[in-house]
Amino acid sequence: MAPQHRTPLAALAVLALLPIGLAGCGVGDGNGGPAAPTGRAPAEEAAAKSRERVQAYLDALAARDADAGRSQLCAPMQAAFDAAATGPNGDFADHFTVPQAAITDVRTGSKGQEVSAVITVAAGSRKADRALLFTVTRTGADWCIAGEAPGGNSPPPSGTP
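Calculation rules
For every chain, the first residue of the written sequence is number 1, and numbering continues from 1 along that sequence. In keeping with the model being predicted, local features are shown solely for residues with a pLDDT of at least 70 and side-chain atom pairs are shown and tallied solely at 80 or more, while totals for entire chains, interfaces and linings include all residues. Derived side-chain values reflect all non-hydrogen atoms in the structure, with water molecules and hydrogen atoms excluded from consideration. Secondary structure elements are taken from DSSP: a helix is a run of H or I of four residues or more, a strand is a run of E of two residues or more, and numbering for both begins at the N terminus. Each residue gets one of three labels from its accessible area relative to the maximum for its type: buried under 20%, exposed over 50%, partly exposed in between, using a 1.4 Å probe on protein chains only. The criterion used for residue contact is that any of the two residues' heavy atoms lie within 4.5 Å. Throughout, a disulfide means two cysteine sulfur atoms within 2.5 Å of one another.

Peer 1: With reference to specific residues and values, describe unusual backbone geometry.
Peer 2: One non-glycine residue, R64, lies in positive phi territory at about 60°. Mapped onto the elements, R64 comes out in the loop between helix 2 (42–63) and helix 3 (66–70). Under the relative-accessibility criterion, R64 is labelled partly exposed at 28%.

What follows is the structure in structure tokens.
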């Protein structure tokens, strides 16, 4: 009679262990599983999240809040930011102000999302516009700025020459 009871016991054991196995895979646990659906296509969500990160950085720059700016950066960039951000040529140097900043373009690049921005930098009565190109990447479930460089994306081609 023992063989007749093994099949129901084995099925019961599998059913009892199934939630544990699924939790280990990240299905249904809310921690480390797939990101919650936002109703947006992945490319649209990437562009929106990248725009949000860069806008938060630009807002921090205008407010002269280096800590808020630092929090938008990926971990590998934070040490360099700490060393240079408030230095003589850093983004948060005391003698610079940023009265205007605007995102001009967001597109997919080879290393992540590329976000172009133009900022107006003022030092005393002098003002100058500067184009910046931010690279934003996804790290786990979050997004962060992985790079900042002078320049920006060139405009898309207008058609055949």
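So that's the structure; there's more coming.
Peer 1: Residue-level account of the environment of L73, with values.
Peer 2: Its location among the elements puts L73 in the loop between helix 3 and helix 4 (75–84). L73 sits in the buried class, given a relative accessible area of 6%. Sequence-wise, L73 and G147 are 74 residues apart; in three dimensions their C-alpha atoms are separated by 8.2 Å. Setting aside residues up to four positions removed in sequence, L73 forms contacts with Y57, Q78, F81, C144 and I145.

Peer 1: Residue-level account of the state of the cysteines, with values.
Peer 2: The full count for this structure, using the stated rule, is one disulfide. Two residues share a disulfide in this structure: C74 and C144, whose sulfurs sit 1.9 Å from each other. Here the S-S torsion is close to 90°, and the disulfide linking C74 with C144 is therefore right-handed. Taken together, the residues span a long stretch of sequence, with C74 in the loop between helix 3 and helix 4 and C144 in strand 4 (residues 142–150) at a distance of 70 residues. The burial state of C74 is the same as that of C144; both residues are buried.

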